[in-house]
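# Architecture and fold: a report
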Amino acid sequence: MFAPSSRVIAQIAETIAKMHQAGINHPDLTIQNIMILSDPRGKGTISIIDFDGATLRTPLSYEARMRQLRRLDRSFLKWIPKTSRWQTPYIRLRFAATYCRIVPEMRPFIRVYLRKIKWYLFRYQTGWRLQKGFKVN
């Protein structure tokens with residue numbers, strides 16, 4: 001399974017920040033919709049895919065940006081192994097720092113999210129556990 005390095009995380013953050021700066025609202029921003037292409041020199045290219053429900057809104061609202069970033073974070077937590085570096089605060093901070101370097105006006109919103117991250121994680125992980133318990137085969 002994919003375990004992103006801090007360099008890849010920074011590239012993902014940069015790509016998403018540029019997408020947001022362009023005003024693209026991608027409502028299905030998850031890890032499954034991020035392609036990482038590598039070349040023989042070891043440099044990677046990050047591509048965002050699945051723009052079915054995407055819209056162009058200039059400027060893209062802060063709420064829409066945060067909604068997408070939270071969804072992406074949840075998908076990393078749900079689909080990346082518990083032993084991955086993404087589960088550490090360092091990688092999440094690296095993502096936030098790279099994103100805020102490109103979109104500095106998002107800094108206060110991301111700070112609030114990072115302060116409340118434990119509550120968000122508890123809430124979503126509890127929901128995931130309940131869903132597994134209620135599945136009918």
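Now for a look at the structure at hand. (Residues numbered from 1 in each chain as written. Predicted model: local features only at pLDDT ≥ 70, side-chain atom pairs only at ≥ 80, totals over all residues. Heavy atoms only, no water.)

## Section: the overall build of the protein
Within the protein, the regular secondary structure consists of 5 helices and 4 strands. Reading the protein from its N terminus to its C terminus gives the helix and strand order α-β-β-β-β-α-α-α-α. The C-alpha radius of gyration of the protein comes to 15 Å, within 12% of the 14 Å expected for a compact globule of 137 residues. Along the three orthogonal principal directions, the C-alpha set of the protein runs to about 40 × 40 × 30 Å. Looking at the protein residue by residue over its 137 residues, the buried ones come to 36%. Taking as baseline every contact in the protein between residues at least 6 positions apart, the subset at least 24 positions apart corresponds to 70%. Of the roughly 8,600 Å² that the protein leaves accessible, carbon and sulfur atoms contribute 59%. (Helix = DSSP H or I, 4+ residues; strand = E, 2+ residues; numbered from the N terminus. Rg over C-alpha atoms; globule rule 2.2 N^0.38 Å. Buried < 20%, exposed > 50% of the residue type's maximum accessible area, 1.4 Å probe, protein only. Contact = heavy atoms within 4.5 Å. Areas by Shrake-Rupley, 256 points an atom, 1.4 Å probe, with all protein chains shown as cover.)

## Points about the packing of helix H2 (residues 62-79) against helix H4 (residues 107-115)
Two quantities define a packed helix pair, namely the angle between the axes and the distance from one axis to the other. Two numbers describe how H2 lies on H4: the axes approach to 11 Å, and their chain directions differ by 40°. H2 and H4 meet at a crossing whose hand is right-handed. From H2, Tyr62, Met66, Leu69, Arg70 and Asp73 reach across to H4, where they touch Phe109, Ile110 and Tyr113. Among the residues making up the contact of H2 with H4, the classes are represented as 6 nonpolar, no polar and 2 charged. (Axes fitted to C-alpha atoms, helices over the stretch in contact; angles between N-to-C directions. Left-handed = near helix turned anticlockwise from the far one by under 90°. Nonpolar A, V, L, I, M, F, W, Y, C, P; charged D, E, K, R; others polar.)

## Things to note about a positive patch on the surface
A cluster of basic residues, Lys78, Lys82, Arg129 and Lys132, forms a positive patch at the surface. As for its position among the elements, Lys82 is in the loop between H2 and helix H3 (89-102). (Patch = residues over 30% accessible without salt bridge, like charges linked within 9 Å, V, L, I, M, F, W, Y side chains within 5 Å. Salt bridge = Lys/Arg side-chain N within 4 Å of Asp/Glu carboxyl O. Lys, Arg positive; Asp, Glu negative; His and termini not counted. Charge placed at Lys NZ, Arg CZ, Asp CG, Glu CD.)

## Brief notes about helix H1 (residues 6-21)
Its 16 residues give H1 an end-to-end C-alpha distance of 22 Å, which sits within 8% of 22 Å, the value for a rise of 1.5 Å per residue. Every buried residue of H1 is listed here: Ser6, Val8, Ile9, Ala10, Ile12, Ala13, Ile16, Ala17, Met19 and His20. Where H1 is buried, its residues meet strand S1 (24-25), strand S2 (34-38), strand S3 (44-48), H2 and H3. (Expected span 1.5 Å × (residues − 1).)

## A short note on the nonpolar core
Counting residues in hydrophobic clusters, the biggest one holds 31 residues, and the most contacted among them are Ile12, Ile16, Phe95, Tyr99 and Ile110. Elements supplying a minimum of two residues to this core: H1, S3, H2, H3, H4 and helix H5 (117-134). Among the elements that line this core, the one with the most residues is H1, at 7 residues. Once residues lying within four places of it in the same chain are set aside, the contact partners of Ile12 are Ile34, Ile36, Ile46, Phe76 and Phe95. (Core = buried A, V, L, I, M, F, W, Y, C linked by side-chain atoms within 4.5 Å.)

## Brief notes about the pattern of salt bridges
Going through the model one piece at a time under the given rule, you end up with 5 salt bridges. Between Asp28 and Arg71 there is a salt bridge whose closest N-O contact spans 2.6 Å. Of the two residues, Asp28 is situated in the loop between S1 and S2 and Arg71 in helix H2; the sequence distance between them amounts to 43 residues. Overall, Asp28 belongs to the partly exposed group, its relative accessible area being 26%. For the salt bridge of Asp73 with Arg92, the shortest nitrogen-to-oxygen distance reads 3.2 Å. Note that Asp73 is positioned in helix H2 and Arg92 in helix H3, a separation of 19 residues in sequence. Summarising the burial analysis for this pair, Asp73 and Arg92 share the class buried.

Geometry only, nothing functional implied.
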